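Notes for the structure review
In case you want the letters, here they are:
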Amino acid sequence: MTVKVKLFAILRERAGVAEVTKEIKEGSSVADLWAILQQDYPKLAVPGIRLLYAVNRDYVKPERVLNNFDEVVFIPPVSGGIDVSRHR
Amino acid sequence: MFRVTDKPINLQELVDCVTDPEAGAVATFIGITRNNNEGRKVIALDYEAYPEMAEKELTRLSEEARTKWQICRMAIVHRVGPVQITEPSVVIAVSAAHREAAFAACRFAIEEIKKTVPIWKKEVYEGGEIWIGTQSGQPLNRS
C-alpha cells in the first residue's frame with residue numbers, strides 16, 4: 001500500500017524533500033514508517049529530537065497502524081517546545 | 001477566524017471578527033519578533049506551518065477554551081514565512097461578557113499554540129540559524 005509523507009522544518013531541510021510517497025507493507029505502523037524513512041534519508045535521525053506523529057491531520061501514537069493513502073507527518077518540536085505528555 | 005497567512009496581520013480585523021453584542025470585553029495578544037534571544041542578535045524569524053493541520057488545531061484549541069471559560073468568540077492568525085523585527089507573528093483576539101474569561105482564554109490560546117499547533121520557528125541570527133525547540137541548525141559560512 002501507499003502512504004504520503006510530508007516533511008516540515010528541520011526534517012524537510014535534513015531530508016532535502018518536502019513530500020515522499022512510500023510503498024509499505026500492510027500492517028505497518030507510524031513507527032515502522034519512521035524507521036524506513038531514516039534508512040532512506042539517514043540525516044533524518046536528528047540526535048535527541050522528540051517527535052509527535054500525525055495521520056490525516058490528527059495526532060496519533062507511533063504504534064498507529066497505517067492505511068492505504070494515509071497522509072503521515074512527523075512533527076518536530078513546535079515553536080515553543082513540546083508537551084509530549086499530551087499526545088503520547 | 002483561524003488561519004495562517006504569509007501577509008502582515010491586521011489586528012483590527014481580528015477585533016472586528018470577535019466583536020459581539022453580548023461581549024463586554026475583548027482581550028488581544030500580539031506575539032512580536034524581537035531582536036534578541038538567549039544572547040543572540042536576531043535578524044528575523046522564519047515560520048513554517050503544516051497549514052491544514054495548524055488551522056484545525058487552532059479551531060480545536062478554541063473549542064477547548066470554550067469548555068473552560070464563558071467566551072463569545074475567538075480569532076487567531078499566525079504568520080508563516082519571514083517575519084521581520086517588530087512585526088507581529090501571531091495575533092489572538094477573544095471576546096467575552098466579562099474580562100476575566102477573555103484574559104484567561106487569550107492566555108490559554110497562546111500557551112497552547114506553542115505546544116500543540118504544527119508551526120515551526122527558525123531563528124535567523126547573526127552568524128547562523130536555528131530551528132527553535134530542536135536546538136539544531138547550521139552556522140552560516142559567509143565570508
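**A few points about the sheet that holds strand S7 (residues 88-96) of chain B**
All names here are of chain B. Pairing is mixed across the open sheet formed by four strands, whose spatial order is S1-S5-S7-S2. Strands at the two margins of the open sheet, each flanked by one partner only, are strand S1 (2-5) and strand S2 (25-32). Going from strand to strand, the sheet's axes swing by 10° on average, the running direction of each strand aside. Packed on one face of the sheet, helix H3 (residues 99-116) meets S2, strand S5 (71-79) and S7 and runs near 150° to S7.

**Points about the nonpolar core**
Residues and elements named next belong to chain B. Residues Ile-71, Met-74, Val-94, Ala-102, Ala-105 and Ala-109 are the most contacted members of the largest nonpolar core, which totals 61 residues. For this core, the element with the highest residue contribution is H3, accounting for seven residues. Other than its neighbours up to four places away in sequence, Ala-109 contacts Leu-61, Ala-65, Met-74, Ile-76, Ile-92 and Val-94.

**Quick notes on the pairing of strand S1 (residues 2-6) of chain A**
Residues and elements named next belong to chain A. Of the two faces of S1, the one holding Val-3 and Val-5 is buried and the one holding Thr-2, Lys-4 and Lys-6 is not buried anywhere. Strand direction decides the pairing type here: S1 and strand S2 (residues 19-23), joined by five bridges, are antiparallel. Bridge assignment links Thr-2 to a residue of S2, and that residue is Glu-23. When S1 meets strand S5 (residues 71-75), the two strands line up parallel, connected through three bridges. Directly across from Lys-6, in S5, lies its bridge partner Val-73.

**A short note on the packing of helix H2 (residues 51-68) of chain B against H3 of chain B**
Residue and element names in this part refer to chain B. Taken N-terminus to C-terminus, the directions of H2 and H3 make an angle of 140°; their axes are 10 Å apart at the nearest point. The hand of the H2/H3 crossing is right-handed. When H2 is examined against H3, the residues Glu-57, Leu-61, Ala-65 and Lys-68 are found in contact with a partner set consisting of Ala-105, Phe-108, Ala-109, Glu-112 and Thr-116. Considering only residue class, the contact of H2 with H3 consists of five nonpolar, one polar and three charged.

**Notes on the sheet that holds strand S3 (residues 52-55) of chain A**
Residues and elements named next belong to chain A. Pairing is mixed across the open sheet formed by five strands, whose spatial order is S2-S1-S5-S3-S4. Since the sheet does not close on itself, it has two edges, and those belong to S2 and strand S4 (58-60), each with one partner. Pairs of neighbouring strands in the sheet enclose a mean axial angle of 30°, with direction left out of account. Helix-sheet contacts for helix H2 (residues 30-40) involve S1, S2, S3, S4 and S5, and the interaxial angle to S5 is about 75°.

**Some thoughts on the environment of Val-5 of chain A**
Position of Val-5 of chain A relative to the elements: it lies in strand S1. Measuring from C-alpha to C-alpha, the distance between Val-5 of chain A and Leu-33 of chain A comes to 9.3 Å, with 28 residues separating the pair along the chain.

**Quick look at the interface of chain A and chain B**
Each partner contributes residues to the interface: chain A has 19 residues there, and chain B has 18 residues. Secondary-structure elements contributing two or more residues to the side of chain A that touches chain B are helix H1 (9-15) and S5 of chain A.

Quick notes on the rules
Each chain carries its own residue numbering, running from 1 in the direction its sequence is written. Just so you know, chain letters begin at A and ligand numbers begin at 1, following the order they were written in. Totals for whole chains, interfaces and linings use all residues, but because this is a predicted model, local features are given only for residues with pLDDT of at least 70 and pairs of side-chain atoms are given and counted only at 80 or more. Here, a strand pair is defined by DSSP locating no fewer than two bridges between the strands. Strands are runs of DSSP state E lasting at least 2 residues, helices are runs of H or I lasting at least 4, and numbering of each runs from the N terminus. Axis angles are defined between N-to-C directions and span 0 to 180 degrees, where every axis is a line fitted to C-alpha atoms and, for a helix, only to the segment in contact. A pair of residues counts as a contact when their C-beta atoms, built from backbone coordinates, are separated by no more than 7 Å. One nonpolar core equals one set of buried Ala, Val, Leu, Ile, Met, Phe, Trp, Tyr and Cys residues connected by C-beta atoms within 7 Å. Neighbour density around each residue's C-beta defines its exposure: 20 or more other C-beta atoms within 10 Å make it buried, 12 or fewer make it exposed, and counts between make it partly exposed, where C-beta atoms are placed from the backbone. What makes a crossing left-handed is the near helix being turned counterclockwise from the far one by less than a right angle; a clockwise turn instead makes it right-handed. Think of it as three bins: nonpolar holds Ala, Val, Leu, Ile, Met, Phe, Trp, Tyr, Cys and Pro, charged holds Asp, Glu, Lys and Arg, and polar takes everything else, Gly as well.

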